[in-house]
Amino acid sequence: MTPARQPLVCLASASPRRRDLLLSIGVDADIRPCDIDETPKPNESPGDYVVRLAVEKALAADALTPLPTLGSDTAVVLDGHILGKPRDQAHGAEMLAALSGRRHEVLTAVALTGPAGVLACCVTTQVRLGEINDEQIAAYWQTGEPLDKAGGYAIQGLASVFVASIEGSYSAVVGLPLYETAALLSQQGVPIWNNVLS
Ligand SMILES: Cc1cn([C@H]2C[C@H](O)[C@@H](COP(=O)(O)OP(=O)(O)OP(=O)(O)O)O2)c(=O)[nH]c1=O
């Protein structure tokens, strides 16, 4: 018999990657995606932007549940500019061509509500992609993988063949920095592995 689910947190996210990453450290979540306006403010830095969105997502769902609520946001940043998710094939191709053979940053912020108030952090990871030619870019688009990913690629998927190096947090690039998330969970009293991290 499958044991009953016992959600320890509410996850304000539609991302299956975030749910799976939390589950991978033994934290089951109640899923409550929320729709917020993701337009950057004028002159907002990428770091301020992802933290603001993570906090807004967490607070939007927090009102609906007694559980600590986690929100997160990931942005791919090239030369200081945020690349969002591809709108269409041409936009996806443009982003991948810009990232080809270059180093860029992936910023992921996490916010967690709870007894300690709203706690948030931001993790920056350096990723370098090898050269990607037009034929590969077109073939990659056809896989369907780029569509819902910041920067139009998924390090955990078929695009792993383009990733020459990574410095920082792999889980953060996929959508949730697990080292930092575990620290926030423990600060909010959420038990991980029977509290061995507290
Ligand atoms: C760079 C990169 C991003 N991504 C994903 C992580 C995020 O899910 C997504 C960035 O978009 P986000 O807006 O951060 O998240 P989301 O829209 O998927 O989910 P929600 O806002 O409901 O939490 O891109 C990967 O899966 N792999 C990668 O290599």
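Keep in mind that this is a model prediction, so the values were computed, not measured.

I keep staring at the environment of Y140 and nothing clicks. Help me out?
If you trace the backbone, Y140 turns up in helix α4 (residues 134-142). We classify Y140 as buried; its relative accessible area is 4%. Non-local contacts of Y140, meaning those with residues more than four positions away in its chain, are made with L96, E145, P146, G152, Y153, A154, L158, A159 and F162. One polar contact links the side chain of Y140 to the main-chain amide nitrogen of A154, over a distance of 3.0 Å.

I keep staring at the state of the cysteines and nothing clicks. Help me out?
Covalent bonding between the sulfur atoms of two cysteines defines a disulfide. Under the criterion given, the structure shown has 0 disulfides. Among the cysteines around C122, which has no disulfide bond, C121 carries the closest sulfur, lying 7.4 Å off. Since its relative accessible area comes to 33%, C122 is described here as partly exposed.

Looking at this structure, I do not really get unusual backbone geometry. What am I missing?
Among all residues except glycine, the phi angle is most often negative; among peptide bonds, the trans geometry is most common. For N43, which is not a glycine, the phi torsion comes out positive at approximately 65 degrees. In this fold, N43 is placed in the loop between β2 (29-31) and α2 (46-62). On the basis of relative accessibility, which here comes to 83%, the residue N43 falls in the exposed class. Phi is positive for D79, close to 50 degrees, though the residue is something other than glycine. With respect to the secondary-structure elements, D79 resides in the loop between β3 (69-78) and β4 (81-83). The class for D79 is exposed, based on a relative accessible area of 53%.

Can you walk me through the layout of surface pockets in this structure?
Over the atoms rolls a probe the size of a water molecule, and in doing so it shows where empty space is left. One number sums up the size of the largest pocket: a volume of about 710 Å³. Around the largest pocket, the lining is made up of 36 residues, and of these R18, K57, D73, K85 and D148 lie nearest the centre. Of all the secondary structure elements, the ones that give two or more residues to the lining of the largest pocket are α1 (16-24), α2, β3, β4 and α5 (170-174). In terms of residues, the lining of the largest pocket owes the most to one element, β3, which gives 5 residues.

Which parts of the structure should I look at to understand the pairing of β3?
As a general feature of sheets, a regular strand has side chains that alternate between the two faces. When you tally the buried positions in β3, you get 10 out of 10 residues, the bulk of the element. Going residue by residue along β3, you find T69, G71, D73, A75 and V77 tucked away on one face and L70, S72, T74, V76 and L78 tucked away on the opposite face as well. Relative to β3, strand β1 (residues 9-11) is paired through 2 bridges, and the arrangement is parallel. Across the sheet, the residue bridging to C10 is T69, located in β3. Here 3 bridges tie β3 to β4, and the two strands are oriented antiparallel to one another. Across the sheet, the residue bridging to V76 is L83, located in β4. As consecutive antiparallel partners, β3 and β4 are separated by 2 residues, and within that stretch D79 has a phi angle of approximately 50 degrees, a positive value.

Conventions used here
- Residues numbered from 1 in each chain as written.
- Predicted model: local features only at pLDDT ≥ 70, side-chain atom pairs only at ≥ 80, totals over all residues.
- Heavy atoms only, no water.
- Helix = DSSP H or I, 4+ residues; strand = E, 2+ residues; numbered from the N terminus.
- Buried < 20%, exposed > 50% of the residue type's maximum accessible area, 1.4 Å probe, protein only.
- Contact = heavy atoms within 4.5 Å.
- Polar contact = N/O pair within 3.5 Å; in protein donor to acceptor, adjacent residues only side chain to side chain.
- Disulfide = S-S within 2.5 Å.
- 1 Å grid on protein atoms, 1.4 Å probe; cavity = no way out; pocket = protein on both sides within 12 Å on 5 of 7 lines; lining within 4 Å.
- Points joined across faces, edges and corners; volume = space filled by probe spheres on them.
- Pairing = 2+ DSSP bridges.

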